[in-house]
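Residue strings, one per chain:
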Amino acid sequence: MEKTVKIAIVGAGLGGAAAATLLQQAGFEVEVFEQAPEFSRLGAGIHVGPNVMKIFRRMGLEKALDDMGSHPDFWFSRDGETGDYLSRIPLGEFAKKEYGASYITVHRGDMHALQIDSIKPGTVHFGKRLQNLVDRGDDVLLEFADGTSVTADIVIGADGIHSKIRETLLGVEDPIYSGWVAHRALIRGENLARFADEFEDCVKWWTDDRHMMVYYTTGKRDEYYFVTGVPHPAWDFQGAYVDSSQEEMLAAFEGYHSTVQNLIKSTESITKWPLRNRNPLPLWSRGRLVMLGDACHPMKPHMAQGACMAIEDAAMLTRCLQETGLSDFRTAFDLYELNRKERATRVQSVSNANTFLRTQEDPAWVYGYDLYGQDLKSS
Ligand code: FAD
């Protein structure tokens, strides 16, 4: 007979891990099924806005993240060629005072490891690739590629842009390739020392059709990171990402400011990732299945809010299940969608348009949001 679990979360990424911790802290029985055999310190950085630091406060992880991350005083936007400042968005102490928590940039792997450690021991199961899923009315059957299976009362699909839960609910459909790729590189602090440039804490360099976002991933400033958006007609490579090179990037950023050129010259390895998205989905749940994060609203990463939205989803879903109890999960799922869809869809569309903070604007609608301070809309 299959093992029975109350709440099965598929995917232990940033959204699934947040859901596990929050639900367990709220007293729910949760088990997580992750396809990866283990997690490594993936070479990428991430911004975490005050909107999500307030959720990490609930989880008891805010201080550890504050200690780990870099705290930029500003998000600067600069003209890629002339270096002129297009915007100076105040963060740092301003963010703490105005938005209620800090704005940090951090290594994604370090943050993820902290999140995984906050889940109850023995409840994350690695090497479990969900292959088949059947909502049988009274429960859900989950079958994994290793031949094992479990049944669950409800299933949370936190399994990313290629979600099996989305596929079960809405059919097979590849995500849309956006026509842009992202180059990513982590740069050792000492590699920057040979240049006289001022390497700012958080800066986005822009020209009409491409950009480079740059920031530190540690409080010690010993690791710097960039991620780009560069047009590329088709993703004609195999795999999630491919290697890039200094030559390719110097060609892509020809004419850019010398600080950008020097950054590229400081790299030891560069990878290139396709940027994919989906149009807003017609539903986020059906029966005993519900989705969060990239499974239901993937976006181009240009607001640095994709994972933040996944974590907000996790917090709202937990709130709704607390409100109704697990037995009335259908009401909880409806409440969850009602209280999340508008915001997540707005962020998805601004992110895809890649306009956020390019000019001086007020980001309070994103960063000032306090999920726990919102009244729950019920219709
Ligand atoms: P994922 O992180 O994709 O996690 C899904 C998990 O499910 C994975 O662990 C996967 O192995 C697992 N899984 C998948 N299928 C199965 C299966 N069948 N069975 C079991 N497990 C499965 N967001 C920010 O907030 N800030 C940023 O600065 C930022 N920068 C970004 C830069 C780039 C270049 C990109 C591409 C994205 C960026 N994002 C950023 C977006 C962010 O990475 C995603 O929105 C976020 O990872 C979504 O989290 P998730 O938990 O929904 O999905």
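Everything here concerns the structure above.
Residues numbered from 1 in each chain as written. Predicted model: local features only at pLDDT ≥ 70, side-chain atom pairs only at ≥ 80, totals over all residues. Heavy atoms only, no water.

### A few points about the overall build of the protein chain
Phase 1 of the analysis: When you go through the protein chain residue by residue, the secondary structure sums to 12 helices and 18 strands.
Phase 2 of the analysis: By the compact-globule yardstick of 21 Å for 379 residues, the protein chain fits well, its C-alpha radius of gyration being 21 Å.
Phase 3 of the analysis: For the protein chain, the spread of C-alpha atoms along the principal axes amounts to about 65 × 45 × 35 Å.
Phase 4 of the analysis: Here the protein chain holds 379 residues, and 58% of them are scored as buried.
Phase 5 of the analysis: Taking the intrachain contacts of the protein chain between residues at least 6 apart in sequence as the baseline, contacts between residues at least 24 apart amount to 74%.
Phase 6 of the analysis: Within the structure as shown, the protein chain displays about 15800 Å² of accessible surface, and the carbon and sulfur contribution to it stands at 47%.
Phase 7 of the analysis: Across the protein chain, the centroid of the 40 positively charged side chains sits 1 Å from that of the 53 negatively charged ones. (Helix = DSSP H or I, 4+ residues; strand = E, 2+ residues; numbered from the N terminus. Rg over C-alpha atoms; globule rule 2.2 N^0.38 Å. Buried < 20%, exposed > 50% of the residue type's maximum accessible area, 1.4 Å probe, protein only. Contact = heavy atoms within 4.5 Å. Areas by Shrake-Rupley, 256 points an atom, 1.4 Å probe, with all protein chains shown as cover. Lys, Arg positive; Asp, Glu negative; His and termini not counted. Charge placed at Lys NZ, Arg CZ, Asp CG, Glu CD.)

### Overview of helix H5 (residues 108-117)
Phase 1 of the analysis: Residues of H5 that are buried: Gly109, Met111, His112, Leu114, Gln115 and Ile116.
Phase 2 of the analysis: Buried positions along H5 lie against helix H1 (14-25), strand E3 (45-48), helix H2 (50-59), helix H3 (62-68), strand E6 (104-107) and helix H10 (306-324).

### Some words on the sheet that holds strand E12 (residues 202-206)
Phase 1 of the analysis: In spatial order, the strands read E5-E4-E12-E13-E14-E11-E16-E15; together these eight strands make up an open sheet with mixed pairing. Lying at the two open borders of the sheet, with one neighbouring strand each, are strand E5 (85-90) and strand E15 (242-243).
Phase 2 of the analysis: Here four bridges tie strand E4 (residues 74-79) to E12, and the two strands are oriented parallel to one another. Its bridge partner lying in E12, Ser77 is registered against Lys204. (Pairing = 2+ DSSP bridges.)

### Looking at the site of the ligand
Phase 1 of the analysis: In the vicinity of the ligand, 31 residues are found, and the nearest of them are Gly15, Glu34, Arg108, Leu130 and Asp294.
Phase 2 of the analysis: Leu14 is positioned with one of its backbone polar atoms (N or O) 3.5 Å from an oxygen atom of the ligand.
Phase 3 of the analysis: The backbone of Ala307 places a nitrogen or oxygen atom 2.9 Å from an oxygen atom of the ligand.
Phase 4 of the analysis: In isolation the ligand has 1000 Å² of accessible area, and contact with the protein removes 86% of it.
Phase 5 of the analysis: The set of elements that each furnish at least two residues to the shell around the ligand consists of H1, E3, strand E11 (176-188) and H10.
Phase 6 of the analysis: The element that contributes the greatest number of residues to the shell around the ligand is H10, accounting for four residues.
Phase 7 of the analysis: Class assignment of the residues belonging to the shell around the ligand gives a composition of 14 nonpolar, 10 polar and seven charged. (Near = heavy atom within 4 Å. Polar contact = N/O pair within 3.5 Å; in protein donor to acceptor, adjacent residues only side chain to side chain. Nonpolar A, V, L, I, M, F, W, Y, C, P; charged D, E, K, R; others polar.)

### Considerations on the packing of H1 against H2
Phase 1 of the analysis: Following both chains from N to C, one finds H1 and H2 inclined at 45 degrees, their axes separated by 10 Å at the closest point. Here H2 runs oblique to H1, going by the angle between their axes. Note that H1 runs across H2; the crossing there is left-handed. Within the contact between the two elements, H1 uses Ala18, Thr21, Leu22 and Gln25 and H2 uses Ile55, Arg58 and Met59.
Phase 2 of the analysis: When the residues that make up the contact of H1 with H2 are grouped by side-chain class, the tally is four nonpolar, two polar and one charged. (Axes fitted to C-alpha atoms, helices over the stretch in contact; angles between N-to-C directions. Parallel < 35°, antiparallel > 145°, perpendicular 65-115°, else oblique. Left-handed = near helix turned anticlockwise from the far one by under 90°.)

### Focus: the packing of H10 against helix H11 (residues 329-353)
Phase 1 of the analysis: Two numbers describe how H10 lies on H11: the axes approach to 8 Å, and their chain directions differ by 155 degrees. With respect to their mutual orientation, H10 and H11 come out roughly antiparallel. Of the two elements, H10 crosses H11, and the hand of that crossing is right-handed. Seen from H10, the contacting residues are Met309, Glu312, Asp313, Met316, Leu317, Cys320, Leu321, Glu323 and Thr324; seen from H11, they are Phe329, Thr331, Ala332, Phe333, Leu335, Tyr336, Asn339, Arg340, Arg343, Ala344 and Val347.

### A look at the pairing of E3
Phase 1 of the analysis: Burial along E3 is two-sided: the residues Gly45 and His47 and Ile46 and Val48 are all buried.
Phase 2 of the analysis: In this sheet, E6 lies alongside E3 in antiparallel orientation, the contact comprising four bridges. By the bridge assignment for E6, His47 is matched with Thr105.

### Here's the deal with the nonpolar core
Phase 1 of the analysis: Residues Ile9, Phe56, Leu142 and Val155 are the most contacted members of the largest nonpolar core, which totals 74 residues.
Phase 2 of the analysis: Broken down by element, the residue count for this core peaks at nine residues, all from H10.
Phase 3 of the analysis: Once residues within four sequence positions are removed from consideration, Ile9 is found in contact with Gly16, Ala19, Ala20, Leu23, Val30, Glu31, Val32, Phe33, Ile156 and Ala158.
Phase 4 of the analysis: By size, the runner-up hydrophobic cluster in this structure holds 25 residues, among which are Phe76, Phe199, Val203 and Met212. (Core = buried A, V, L, I, M, F, W, Y, C linked by side-chain atoms within 4.5 Å.)

### Regarding the state of the cysteines
Phase 1 of the analysis: Overall, the coordinates contain zero disulfides when judged by the stated rule.
Phase 2 of the analysis: For the unlinked cysteine Cys202, the closest cysteine sulfur is that of Cys308, found at 12 Å.
Phase 3 of the analysis: Here Cys296 stays unpaired: no disulfide links it, and the sulfur of Cys320, its closest cysteine neighbor, is 13 Å away. (Disulfide = S-S within 2.5 Å.)

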